[in-house]
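# Descriptive analysis of the structure
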Amino acid sequence: MNSEFTIRIKELRKKNNLTQKDAAKLLGIGQTTIANYENGTRVPDLMKVAEIADLYKVSVDYLLGREDYAQKVQEKSVEEEKPEFTYEEYMKSLLDGDKKAVRKILLSFLKKGVPSRVIYEDYIRRSLREVGELWEKGELPIWKEHFISEISLENMALIKRRKYKENEDRKPILLLTPGAEQHNIGLKMVGDMLEANGHNVIYLGNLIPTDNIIQAIEEKKPYAIILSVTIAYHIDSAKNLIDILKQRFGTKTPTILIGGGAFDRVENVAMVTGADKYCRDIDEIEKNLRRI
Ligand code: B12
């Protein structure tokens, strides 16, 4: 990438008062990737260049050094583009079960250009954790937990539709939760983020009988399978499923990556479950997928 690009992305980040870590989070990539873009050792793909241009409100031509600064940079900084709703307002609308208000808030973030990864992590995931705490304290009935989960899923679908990309010509990745593990919102987020990064995602969700998983693998020939476990007592189901798949497909078993909240305090997850790799987040998944 030309040196003008490396100079401009650094300049724009500083002008917007962002650290490399902030910019990485907003762009859904690792901090070292940003550092590598800025020192010219790594080149972003076209879609990422467009996302960087969107983040700093400049044109792609400007980023590439093909246009003058004065003409193209808009006056507003990213800082001024703060969302008009607070997290507390979002949480209140969720707890009230006010679907319309929740949708309005999330759509306003999208309109402001807040990256979907930030909406997922800082609003949807954070609010669901709080919902779990309320349920645990007996302050929220299960029907409301279900209702809020559904509202969250509906809005994730809405966000995804806005960012839809055609990735079907790539080799697929299969995503599912094993056994009776019903928590699938985290996995769905992972799937949406992978899709936004250009992967061909086949999301199966939860409660799929094992013979059907085998059928899906035979038909779709994924090169990787991503499993998510949230509750510790479902770890055994993951292990069983992996055993069965390895017996059935032998050396042709797609690479199995595993993650989710159930492993937060488990050591040596890959050995415990038989998965090929344990991943903590989307960046670790990306790193492992690149190695396959
Ligand atoms: C929503 C929810 C439900 C929904 C699930 C709906 C759905 N379609 O998923 C319903 C109501 C069905 C449900 C049911 C139950 N739940 Co529940 N549930 C939750 C809640 C509130 C939120 C979970 C969630 O979606 N979080 C948002 C997502 C985005 O976050 P996440 O899962 O952490 O995922 C992120 C990362 O972990 C990571 N990730 C996830 N998977 C993977 C995979 C890979 C490979 C990688 C790299 C990363 C990754 O990426 C995601 C994005 O950052 C949690 C509270 C909490 N603290 O988590 C309780 C919670 C998980 N549930 C709990 C329990 C006990 C249950 C029930 C037994 C009883 C109940 N509450 O009804 C049943 C069990 C059902 C079953 N058989 O699995 C407990 C689990 C306790 C434990 N650790 O053992 C929790 C923690 C509540 C609590 N505080 O006690 N639940």
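Being a predicted model, the structure only gives us computed values, none of them experimental. (Residues numbered from 1 in each chain as written. Predicted model: local features only at pLDDT ≥ 70, side-chain atom pairs only at ≥ 80, totals over all residues. Heavy atoms only, no water.)

## A short note on unusual backbone geometry
- Of note in this structure, Lys57 is not a glycine but carries a positive phi near 55°.
- Relative to the assigned elements, Lys57 resides in the loop between α4 (46-56) and α5 (60-63).
- For Lys57, a relative accessible area of 22% gives the class partly exposed.
- Positive phi, normally seen in glycine, also occurs at Asn268, with a value near 55°.
- Considering the arrangement of structural elements, one finds Asn268 in the loop between β4 (255-259) and α14 (269-273).
- Residue Asn268 is classed as partly exposed on the basis of its relative accessible area, which comes to 48%. (Helix = DSSP H or I, 4+ residues; strand = E, 2+ residues; numbered from the N terminus. Buried < 20%, exposed > 50% of the residue type's maximum accessible area, 1.4 Å probe, protein only.)

## Quick look at the site of the ligand
- The local shell around the ligand holds 35 residues, among which Glu121, Gln182, His183, Asn184 and Ser228 are the closest.
- A distance of 3.1 Å separates a nitrogen atom of the ligand from a polar atom in the side chain of Glu136.
- Contact between the ligand and Ser228: a nitrogen atom at 2.7 Å from a side-chain N or O atom of the residue.
- Among the elements of the structure, α9 (116-136), α10 (142-162), α11 (185-196), β3 (224-228) and β4 are those that each provide at least two residues to the shell around the ligand.
- The leading source of residues in the shell around the ligand is α9, at seven residues.
- Two domains each put at least three residues into the shell around the ligand: domain 2 (82-162) and domain 3 (172-291). (Near = heavy atom within 4 Å. Polar contact = N/O pair within 3.5 Å; in protein donor to acceptor, adjacent residues only side chain to side chain. Domains from an automatic or database assignment.)

## A word on the UniProt feature "domain: HTH cro/C1-type" (unreviewed entry) in the protein
- The UniProt record marks residues 9-63 with the feature "domain: HTH cro/C1-type" (unreviewed entry), using the residue numbering of this structure.
- In residues 9-63, helix accounts for 71% and strand for 0%; the two terminal C-alpha atoms are 7 Å from one another. (UniProt positions renumbered as here; feature names shortened; annotations may be inferred.)

## Some thoughts on the packing of aromatic side chains
- Inspection of the entire model under this criterion finds four aromatic pairs.
- Centre to centre, the rings of Phe263 and Tyr278 are 5.8 Å apart; their planes meet at 65°, and the pair counts as edge-to-face. Highlighted residues: Phe263 in the loop between β4 and α14 and Tyr278 in strand β5 (residues 277-278), separated in sequence by 15 residues. Across the pair, Tyr278 and Phe263 agree in class, each one buried.
- An aromatic cluster of at least three residues, connected via ring pairs, comprises Tyr87, Tyr90, Phe109 and Tyr123.
- A cation sits over an aromatic face here: Arg126 above Tyr87, 3.6 Å from the ring centre.
- Above the ring of Phe249, the side-chain terminus of Arg248 is found at 5.0 Å from the ring centroid. (Phe/Tyr/Trp six-rings, centres within 6.5 Å; stacked < 30°, edge-to-face > 60°. Lys NZ or Arg CZ within 6 Å of the ring centre and 35° of its normal.)

## Quick look at the nonpolar core
- Counting residues in each nonpolar core, the largest one holds 59 residues, and the members touching the most others are Leu63 and Tyr90.
- Counting residues per element, this core draws most heavily on α9, at seven residues.
- When near neighbours in sequence (up to four residues on either side) are disregarded, Leu63 contacts Glu4, Phe5, Arg8, Ile9, Leu12, Val49, Ile52, Ala53 and Val58.
- Grouped together as the second largest cluster of nonpolar side chains are 23 residues, Ile213, Ile225, Ile235 and Phe249 included. (Core = buried A, V, L, I, M, F, W, Y, C linked by side-chain atoms within 4.5 Å. Contact = heavy atoms within 4.5 Å.)

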